[in-house]
Amino acid sequence: MKTIDLQKQVPVAGDYDVVVCGGGPAGFIAAIAAARGGARTALVERYGFLGGMATAGFVAPLSVFTYNGEKVIGGIPWEFIERLQGMGGGLIEKPLGNVAFEPELYKLCCQRMALEAGVSLHLHSYLSGAVVRDGRISAIIVESKSGTRAIRGKVFIDCTGDADLAAAAGVPMQESEGRPLQPLSSYFILSGVDTSTPRMQVAIHHNRQGVNCQCEEIRAELLAHREEWGLPEFGGPWFCTTLQPGTVTVNMTRTAADATSEEDLTRAECSLREQAFHMAGVLKEHFPEFRDSYVSAVSVQAGIRESRRIKGAHTVTGQEYVSAFHYPDSVSRGAHPIDIHVASGPAQDVTFLKSPAFVPYRALYAPDFANLLVAGRCISADKTAFASLRVQASCMGTGQAAGVAAAMAAAACGDAACDASAADVRTVDTAALISRLRDMGAVLPRGAQPSEP
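Residues numbered from 1 in each chain as written. Predicted model: local features only at pLDDT ≥ 70, side-chain atom pairs only at ≥ 80, totals over all residues. Heavy atoms only, no water.

Caption draft 1: Inspection of the environment of G48 at higher detail. In this fold, G48 is placed in the loop between β2 (41-44) and β3 (66-67). Non-local contacts of G48, meaning those with residues more than four positions away in its chain, are made with L123 and H124. (Helix = DSSP H or I, 4+ residues; strand = E, 2+ residues; numbered from the N terminus. Contact = heavy atoms within 4.5 Å.)

Caption draft 2: Summary view of the pairing of strand β15 (residues 330-334). Judged by how many residues are buried, β15 sits mostly within the fold: five of five residues are covered. As paired elements, β15 and strand β18 (residues 357-360) share four bridges and run antiparallel to each other. Paired with G334 across the two strands is A357, which belongs to β18. (Buried < 20%, exposed > 50% of the residue type's maximum accessible area, 1.4 Å probe, protein only. Pairing = 2+ DSSP bridges.)

Caption draft 3: Representation of the side chain of S299. Structurally, S299 can be placed in the loop between β14 (294-298) and α9 (318-322). Residue class for S299 comes out buried when judged on its relative accessible area of 3%. Sequence-distant contacts of S299, defined by excluding residues within four places in its chain, comprise A56, G57, F58, S186 and Y187.

Caption draft 4: How the structure looks around the pairing of strand β11 (residues 188-191). Covered by surrounding structure in β11 are F188 and L190 together with I189 and S191, the residues of both alternating faces. Of the pairings in the sheet, the one linking β11 to strand β13 (residues 248-251) comprises three bridges and is antiparallel in character. Residue pairing for β13: L190 is matched across the bridge by V248. In the sheet, β11 pairs with β14 via four bridges, with the strands oriented antiparallel. Each bridged residue has a counterpart across the sheet, and for L190 the counterpart in β14 is V295.

Caption draft 5: Structural view of the packing of aromatic side chains. The full count for this structure, using the stated rule, is 10 aromatic pairs. An aromatic cluster of three or more residues is present, and its members are F28, F80, F101 and Y106. Geometry around F358 places R333 over its ring, the cationic atom sitting 3.9 Å from the centre. (Phe/Tyr/Trp six-rings, centres within 6.5 Å; stacked < 30°, edge-to-face > 60°. Lys NZ or Arg CZ within 6 Å of the ring centre and 35° of its normal.)

Caption draft 6: How the structure looks around the nonpolar core. One finds F28, F80, Y106, I140, Y361 and L373 to be the most contacted residues of the largest nonpolar core, which totals 110 residues. Tallying contributions element by element places helix α11 (residues 392-411) first for this core, with 12 residues. Among all residues touching Y361, those that are not within four sequence positions of it are D329, V331, L373, A405, V425, V428, T430 and L433. Of all hydrophobic cores here, the second largest spans 24 residues; its members include V193, L222, L231 and V298. (Core = buried A, V, L, I, M, F, W, Y, C linked by side-chain atoms within 4.5 Å.)

Caption draft 7: A look at the side chain of Q214. Of note, Q214 is situated in the loop between α5 (198-203) and α6 (216-224). By relative accessible area, Q214 is classed as buried at 11%. One polar contact links Q214 to E216, side chain to side chain, over a distance of 3.0 Å. Excluding anything up to four places from it in sequence, Q214 contacts R219, G236, P237, W238 and Q348. (Polar contact = N/O pair within 3.5 Å; in protein donor to acceptor, adjacent residues only side chain to side chain.)

Caption draft 8: Region of the structure containing the packing of helix α2 (residues 76-86) against α11. It is at 8 Å that the axes of α2 and α11 come closest, and there the two elements cross at 125°. The pairing of α2 with α11 is recorded here as oblique in orientation. Along the contact surface, α2 presents I76, P77 and F80, while α11 presents M396, G397 and Q400. Among the residues making up the contact of α2 with α11, the classes are represented as four nonpolar, two polar and no charged. (Axes fitted to C-alpha atoms, helices over the stretch in contact; angles between N-to-C directions. Parallel < 35°, antiparallel > 145°, perpendicular 65-115°, else oblique. Nonpolar A, V, L, I, M, F, W, Y, C, P; charged D, E, K, R; others polar.)

Caption draft 9: Summary view of empty space enclosed by the protein. Evaluation of the coordinates by the stated rule reveals three cavities of 30 Å³ or more. Estimates place the volume of the largest cavity at around 60 Å³. V72, I73, G74, V331, S332, R333, G397, Q400, A442, V443 and L444 together form the lining of the largest cavity. Contributing elements (two or more residues each) for the lining of the largest cavity: β15 and α11. Residues that form the lining of the largest cavity fall into these classes: six nonpolar, four polar and one charged. (1 Å grid on protein atoms, 1.4 Å probe; cavity = no way out; pocket = protein on both sides within 12 Å on 5 of 7 lines; lining within 4 Å. Points joined across faces, edges and corners; volume = space filled by probe spheres on them.)

What follows is the structure in structure tokens.
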């Protein structure tokens, strides 16, 4: 590849205790948690709104907050859900605790909570690099309408989903074990749908534990007529209410792509947008519930199931995950099925958990990087465990843990304006961290097992 030399001075846009990159489910929760912990906190987001895969990707429902009749993800994430429901923008599907939502009210709710906590928002700001020396990040570089700027901090949290900050800092990633990657999907919203029929009433509500909530009747007809109707590879379909009359999100599209490649992602987005309108037309023509339906929105970006994951101080394994192994430093949970999609063919590998699983703090940082935490999709987990942990409730849980830990690490530096040379997330007192998380409402039972399987 041809290169050019580029050198320029970059103004500093701000000095903070904690800088969170990515305002999705992990990121906005992490920022709120850090700010409530007394840290001067910045949240950097490339779009003009928060919510990530929920609001830019329409990925619905939010799953899974309760399992076996008990809450799994609590604290700030559950506070957000209850507040969203109080605004008329969320529907908690009992008993499983999946949450249907209205995307615009979701944006408003997380924006309000972040600002009320004192988080400094840097919207329309695209992470483009990092200033790193000897495993310490002193600043991130962002691009915006204001030009190229730096944001300095004591502790940084990567909630980009694709581990963009960690990759820029040189953090080692999980390797070939993760290939092939799970496919991308673009959700779309259909309005004018008759949601009153028995099969649609079942399909749009995700409240049955141990059940893959795809619409089996419609799926069977789509598979039977796939060649005749000219259908590309598809999944589900999964439908979910948006809480608006006659309006549902649709999860059907899919394509293989590496979301960390600009060329691959561009091709995938164009293909998925074509698929969305084609599949909407098939539903409209062949299924009575969709006779009067129309596409009212296609997701701003494709839903990304899998990309980069760091090699952390500990990698959560599938064996640990399905056995619900309780680590001494467990800081979050997961209860979604192990759900592995493929880009070609109708297969889907789904394994339902017997008990909610745990995530150790050591999965949120890399051994040689002192002031970087990760949360959400880029935590250290193998392909099996990740296939459950990638969903939004789990991402919120790890975001909450990372935010609290980052504030603790920053506070240990004292009152220095921005001393990135002192903060060390690896030395955070995990007993104190877990205690703080429990006080906030995180569901972390006592009695960790003494050794790992």
